[in-house]
Amino acid sequence: MKIIKLNAIDSTNRFLKELAQEAIAENYTIVVANQQTDGKGQRGASWISESDKGLTFSLLYHNLQESSINLFELNCIVSLSIVEALQSISLIKFQIKWPNDILAENKKIGGVLIENSFKNQQEIVSIIGIGINVNQLHFENLPQASSLALLERKTFDKEEIMFKIANQLQFNLENAQKIGANFYWERYHELLYKRGVVSAFEDGNGNQFVGKIIAVTLEGKLQLELENDIQSIFDLKEIKMLF
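My aim in this report is to walk through the structure given alongside it, one point at a time.

Conventions adopted
Per chain, residue numbering runs from 1 following the sequence as it is written. Local features in this predicted model are restricted to residues of pLDDT 70 or higher, and side-chain atom pairs are both shown and tallied only at a pLDDT of 80 or more, whereas totals for entire chains, interfaces and linings draw on every residue. Side-chain figures throughout are based on the complete set of non-hydrogen atoms in the structure, without hydrogens or water. Per the convention used, a helix needs a DSSP run of H or I reaching at least four residues, while a strand needs a run of E reaching at least two, with both numbered from the N terminus. The quantity called the radius of gyration is restricted to C-alpha atoms. Its globule counterpart is 2.2 Å times the number of residues to the power 0.38. Summary of the burial criterion: residues with accessible area below 20% of their type's maximum are buried, those above 50% are exposed, and those between are partly exposed, where the area comes from a 1.4 Å probe applied to protein chains only. Residue contacts follow a heavy-atom distance rule, with two residues in contact if any of their heavy atoms lie within 4.5 Å. We get accessible surface area from the Shrake-Rupley algorithm with a probe of 1.4 Å; when it comes to residues, only the shown protein chains can shield them. The positive count covers Lys and Arg only, the negative count covers Asp and Glu only, and His and the chain ends enter neither. Just so you know, the charge point we use is NZ for Lys, CZ for Arg, CG for Asp and CD for Glu. Strands qualify as paired when DSSP identifies two bridges or more between them. Residues grouped as a nonpolar core are buried Ala, Val, Leu, Ile, Met, Phe, Trp, Tyr and Cys residues, joined through side-chain atoms within 4.5 Å. Ring geometry is summarised as follows: Phe, Tyr and Trp rings, the Trp one being its six-membered ring, pair when their centres sit within 6.5 Å, and such pairs are stacked at plane angles under 30 degrees, edge-to-face over 60 and tilted between the two. Angles shown run from 0 to 180 degrees and are taken between the N-to-C directions of axes, each axis being a line fitted to C-alpha atoms and, for helices, limited to the stretch in contact.

Attention now goes to the overall build of the chain. Broken down by element type, the chain carries five helices and 14 strands. In summary, the chain has a C-alpha radius of gyration of 18 Å against a globular reference of 18 Å for 243 residues, a match within 12%. Dimensions of the chain, computed from C-alpha atoms along their principal axes, come out at roughly 55 × 45 × 35 Å. In the chain, which comprises 243 residues, the share counted as buried stands at 49%. Looking at the chain alone, contacts between residues at least 24 apart form 63% of all its contacts between residues at least 6 apart. With the model as given, the accessible surface of the chain reaches about 12200 Å², and the carbon-plus-sulfur share is 47%. Taking the average place of the 24 positive charges on the side chains of the chain and the average place of its 30 negative ones, the gap between the two points comes to 4 Å.

The residue after Trp-98, namely Pro-99, is reached through a cis peptide bond having omega 0°. Position of Pro-99 among the secondary structure elements: in the loop between β6 (94-97) and β7 (101-104). Backbone geometry places Asn-141, a non-glycine residue, at a positive phi of 60°. Examined against the element boundaries, Asn-141 turns out to sit in the loop between β9 (123-132) and α3 (148-152).

Moving on, we get to the side chain of Asn-75. Within the fold, Asn-75 resides in helix α2 (residues 71-87). Discounting residues that sit within four places of it in the chain, Asn-75 has contacts with Pro-99, Asn-100 and Ile-114.

With four bridges joining them, strand β12 (residues 222-225) and strand β13 (residues 231-234) adopt antiparallel strand pairing. Bridge pairing in β13 places Leu-222 opposite Phe-234.

Leu-55, Val-78, Ile-82, Ile-128, Leu-148 and Ile-165 are the most contacted members of the largest nonpolar core, which has 56 residues in total. The element best represented in this core is α2, accounting for 10 residues. Core analysis: the next-biggest nonpolar cluster, separate from the first, contains seven residues, Ile-4, Ala-25, Val-31 and Val-125 among them.

Let us now look at the packing of aromatic side chains. Enumeration according to the criterion identifies seven aromatic pairs in this entry. Seen from their ring centres, Phe-72 and Trp-185 are 5.8 Å apart, and the 80° between their planes marks the pair as edge-to-face. Of this pair, Phe-72 sits in helix α2 while Trp-185 sits in helix α5 (residues 182-190); the two residues are 113 residues apart in sequence, bridging distant segments of the chain. Grouping residues by exposure puts Phe-72 and Trp-185 together as buried. Both rings, one in Phe-209 and one in Phe-234, keep their centres 6.0 Å apart while their planes meet at 35°; by these two values the pair is tilted.

Pairing in this open sheet of five strands is antiparallel, and the strands run β13-β12-β11-β10-β14 from one edge to the other. Each of the sheet's edge strands pairs with one partner strand only, and the pair in question is β13 and β14 (239-241). Across this sheet, the average inter-strand angle for adjacent strands is 50°, counted without regard to direction. The sheet contact formed by strand β11 (residues 208-216) and β12 spans four bridges and is antiparallel. Bridge pairing in β12 links Val-216 to Leu-222.

Okay, structure coming up:
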């Protein structure tokens, strides 16, 4: 596992993507930065982390087309691997908020952004960007955000957490190729935030409504039970879940 450490960069995903395009980067190469100035999350949102307080890194994964892992199963395994790694160092309750926000005690402490590109007909290159609020103590105008340090009232070793996440992710990805992703898919649903609970949502037009999460489809869409027991499926661009 090759690790590239940077003091500051606009985006670890962008840096690693350019590296993968220009050279033959080995599988599971990691780029980690003390400060990321232009990090992105889902829906184009910014991912801002206080310098040297948060963990921001990207990992390269060569996904062979003939493997049993489709693109959202990769998302599922990444999210699950993060939770499993964090559970090894903390006893607080971690969950996954669709599609891949990482929650601790119902507060957002992390997120994932996966960018995929086709290298050739047999291989997909995935840049897996991971951000975790580790030792940050202040979140101005972000009432739903928190960090491991705030919740546990102690300081954590960011590098130790990065290695735990990366090693757990590599183990799960290689194991999933052998046994299939169904095991991880079921575990993802066990950790899915508000599954089976009536919750508030907002559509692309700003209209709010309530529904109950039934499942996430293999394509990564959210299956909801609405009023009158009607079930509908929404993709990421059509709906967002409200805290």
